[in-house]
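# Chain and residue survey
Residues per chain, in single letters:
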Amino acid sequence: MTISLMEFFLLGLAAFRLTRLVVRDYIMEWFRRPFIDVKVVVNEQGVEEEWIEPKGFIGEGLSCQWCVGVWSALFMLFFYIIVPYGEWIVFLLALSGLQSIIYTLVDRQ
């Protein structure tokens, strides 16, 4: 099986977006919460800071974008190659990933 450069790019964007969803986005906080402790600490200037402390192996993995990125890429390949109509999930996440990148570039001030 061969994958074109365009398919590779789309899979990369989709894996990026899925990784971002799992590691950072608020919508998946319910998924991370059992594996991560959030502690609020007041620093010397009196400002509250949040510290994220992973719990165990799974918590470490869920807080690591590199770790989740490998699994996201595997899932995207699985959906794209094996699951019927799985390419629609890849395309949806790829479009969302591209939108996320564009928003980040435009929103810089």
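Definitions and cut-offs
Residues numbered from 1 in each chain as written. Predicted model: local features only at pLDDT ≥ 70, side-chain atom pairs only at ≥ 80, totals over all residues. Heavy atoms only, no water. Helix = DSSP H or I, 4+ residues; strand = E, 2+ residues; numbered from the N terminus. Rg over C-alpha atoms; globule rule 2.2 N^0.38 Å. Expected span 1.5 Å × (residues − 1). Buried < 20%, exposed > 50% of the residue type's maximum accessible area, 1.4 Å probe, protein only. Arc of directions from axis to C-beta. Contact = heavy atoms within 4.5 Å. pLDDT = per-residue confidence, 0-100. Pairing = 2+ DSSP bridges. Phe/Tyr/Trp six-rings, centres within 6.5 Å; stacked < 30°, edge-to-face > 60°. Polar contact = N/O pair within 3.5 Å; in protein donor to acceptor, adjacent residues only side chain to side chain.

## Considerations on the overall build of the chain
Scanning the chain from N- to C-terminus turns up five helices and two strands. The order of helices and strands in the chain, counted from the N terminus, is α-α-β-β-α-α-α. Here the chain has a C-alpha radius of gyration of 17 Å; the compact-globule value for 109 residues is 13 Å, and the former is much larger. Principal-axis analysis of the C-alpha atoms gives the chain an extent of 55 × 40 × 20 Å.

## Describing helix H5 (residues 87-107)
Under the 1.5 Å per step criterion, the end-to-end length of H5 is 30 Å for 21 residues, consistent within 8% with the ideal 30 Å. Where H5 is concerned, the buried positions are Val90, Leu93, Ala94, Gly97 and Ser100. Projection of H5 onto a plane perpendicular to its axis shows the buried side chains occupying an angular sector of 120°, all on one side. Among the exposed residues of H5, those pointing more than 90 degrees away from its buried face are Trp88, Leu92, Leu95, Tyr103 and Val106. For H5, the secondary structure elements touched by its buried residues are helix H1 (5-23) and helix H4 (65-81).

## A short note on the confidence of the model for the chain
Mean pLDDT over the chain stands at 91; residues scoring 70 or higher make up 99%. Across the chain, H1 holds the top mean pLDDT of 95, while strand S2 (residues 48-54) sits lowest at 87.

## Focus on the pairing of strand S1 (residues 36-42)
Looking at chain direction, S1 and S2 are connected through seven bridges and run antiparallel. For Asp37, the partnering residue across the bridge sits in S2 and is Glu53. If you look at the hairpin formed by S1 and S2, you'll find five residues sitting between the two strands, and Gly46 has a positive phi there, around 85°.

## Side note on the packing of aromatic side chains
Scanning the model with the defined rule gives three aromatic pairs in all. Both rings, one in Phe78 and one in Phe79, keep their centres 5.9 Å apart while their planes meet at 75°; by these two values the pair is edge-to-face. The partly exposed category is assigned to Phe78, whose relative accessible area is 40%. Where Trp88 meets Phe91, the ring centres are 6.1 Å apart and the plane angle is 90°; that geometry is what we call edge-to-face. Taken together, the residues span about one helical turn, with Trp88 and Phe91 both in helix H5 at a distance of three residues.

## A closer look at the side chain of Arg17
Along the polypeptide, Arg17 turns up in helix H1. Within the structure, Arg17 has its side chain in polar contact with the side chain of Asp25 (distance 2.8 Å). Leaving out residues up to four positions away in the same chain, Arg17 has contacts with Asp25, Leu93, Ser96, Gly97 and Ser100.

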